[in-house]
Amino acid sequence: ELKVEQNPLFLSMQEGKNYTIYCNYSTTSDRLYWYRQDPGKSLESLFVLLSNGAVKQEGRLMASLDTKARLSTLHITAAVHDLSATYFCAVDMEREYGNKLVFGAGTILRVKS
Amino acid sequence: EPEVTQTPSHQVTQMGQEVILRCVPISNHLYFYWYRQILGQKVEFLVSFYNNEISEKSEIFDDQFSVERPDGSNFTLKIRSTKLEDSAMYFCASSEQVWVAFFGQGTRLTVV
C-alpha cells in the first residue's frame, strides 16, 4: 500500500524567511501533485510534476521531484502572509482507467508578520 | 475557465437518512472521482468512474455508497443510510486524460 508522508505537519514561519516542505512516498510513481487548501475551501492545484528531475516554479513557490529518492519538495522563498494555507502533496497511482491520488497528511503553514 | 461544480455546498442530514451529492464535471472529461476529507484530516480516495462503471473503489466505499451518471452531465454520490462518521467534505473531481484531476469546491456533509 502506498504511503505518503509529509513533514513538517505544522510550520510557523516569519515573513521573509525560506523553508522547505518534504513529501516522501513509498512506491514508484512518476506523477506527483501539490495542492493548496484554504480553510473550508477546495483544493487548488499548484504544481504537476510528471518526471524525475521536474522542477516548477510559481511566484515564491518551487516544487521538485526526485523519483529515485521518492521525494518531492515544496520550497517557499521569502514567505508572505498570503501563503498561509494547508499544502498537500498527492502521489498518482496510475491506473488503466482513471487515476487514484494518495494524499499526504498536509502541512499547515502559518506565516507571521 | 471550465470548472467542476458541486451542489449543495453544505448539507445537514439526520443519521439514517439518504443523501445525494451532485457534481457537474468538466464537459469533455471522461474520468470522474469522489474523494472525501474528514475535518482536519487528509483527503481520501473513494471511487473512480469511467465509461459508466466504477473502475476502482476504496475500502471506505462500502455498500452504503453508490455513484451514478444519470445523464450526460451529472455525476452523483449517494449515501443510503448516513452515519455520524460520514460527516466530511466530499470532493468531486474529473479528468480528461488519466491524470491532472480538477477538483470541485466540495460539499460539506454534516450528519446529526
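Up top you'll find the structure we're talking about.
K.L.:
Which residues make up the sheet that holds strand β7 (residues 65-68) of chain B, and what values go with them?
P.N.:
Pairing between the strands of a sheet is mediated by backbone hydrogen bonds and can be parallel or antiparallel. Residue and element names in this part refer to chain B. Strand order in the open sheet formed by 4 strands is β1-β3-β8-β7, and the pairing between neighbours is antiparallel. Two strands in the sheet have a free side with no partner beyond their single neighbour: β1 (5-7) and β7. Within this sheet the neighbouring strands show an average axis-to-axis angle of 20°, counted without direction. Pairing geometry for β1 and strand β3 (residues 19-24), over 3 bridges, is antiparallel.

K.L.:
Give me the lowdown on the interface of chain A and chain B, citing residues and values where you can.
P.N.:
In this complex, chain A contributes 21 residues to the contact, which on the side of chain B involves 22 residues. Taken over both partners, the interface formed by chain A and chain B buries close to 1800 Å², and the fraction arising from carbon and sulfur atoms is 58%. Counting the surface chain A buries against chain B, the share from its top three residues, Y97(A), N99(A) and F103(A), is 28%. Between the two partners, chain A and chain B, sit 1 salt bridge.

K.L.:
Give a description of the sheet that holds strand β3 (residues 19-25) of chain A that names residues and reports values.
P.N.:
Residues and elements named next belong to chain A. Ordered by their spatial adjacency, 5 strands build an open sheet running β1-β3-β8-β7-β6, and the pairing between neighbours is antiparallel. Only two strands of the sheet have a single partner each, and these edge strands are β1 (4-7) and β6 (55-58). Recorded for the sheet is a direction-independent mean angle of 15° between the axes of neighbouring strands. Bridge count for β1 against β3 is 4 bridges, and the pairing is antiparallel. Looking at β3, one finds that N7 is bridged to Y22.

K.L.:
Account for the state of the cysteines, with residues named and values stated.
P.N.:
Evaluation of the coordinates by the stated rule reveals 2 disulfides over all chains. A disulfide bridge connects C23(A) with C89(A), and the sulfur atoms are separated by 2.0 Å. Its S-S torsion of about 80° marks the bond between C23(A) and C89(A) as right-handed, since a negative value means left-handed. In this pair, C23(A) is assigned in strand β3 and C89(A) in strand β9 (residues 85-94), connecting sequence segments 66 residues apart. As far as burial versus exposure is concerned, C23(A) and C89(A) are alike and both buried. Disulfide partner of C23(B): C92(B), at an S-S distance of 1.9 Å. Judged by the sign of its S-S torsion, about -65°, the bond between C23(B) and C92(B) is left-handed. Separated by 69 residues along the polypeptide, C23(B) in strand β3 and C92(B) in strand β9 (residues 88-95) bring together distant segments of the chain. No difference in accessibility class separates C23(B) from C92(B), as the two residues are buried.

K.L.:
Outline the pattern of salt bridges, supporting the account with residue identities and numerical values.
P.N.:
Under the defined criterion, the tally for this structure stands at 4 salt bridges over all chains. In this structure, the salt-bridge partner of R31(A) is D92(A), at a minimum N-O distance of 3.7 Å. With R31(A) in the loop between β3 and β4 (32-37) and D92(A) in strand β9, this residue pair connects regions lying 61 residues apart in the sequence. For D92(A), a relative accessible area of 1% puts it in the buried group. The shortest N-O distance in the salt bridge between K100(A) and E56(B) comes to 3.5 Å.

Cut-off values and rules
Residues numbered from 1 in each chain as written. Chains lettered and ligands numbered in written order. Predicted model: local features only at pLDDT ≥ 70, side-chain atom pairs only at ≥ 80, totals over all residues. Heavy atoms only, no water. Pairing = 2+ DSSP bridges. Helix = DSSP H or I, 4+ residues; strand = E, 2+ residues; numbered from the N terminus. Axes fitted to C-alpha atoms, helices over the stretch in contact; angles between N-to-C directions. Contact = heavy atoms within 4.5 Å. Buried area = accessible area lost by both parts, 1.4 Å probe. Salt bridge = Lys/Arg side-chain N within 4 Å of Asp/Glu carboxyl O. Disulfide = S-S within 2.5 Å. Buried < 20%, exposed > 50% of the residue type's maximum accessible area, 1.4 Å probe, protein only.

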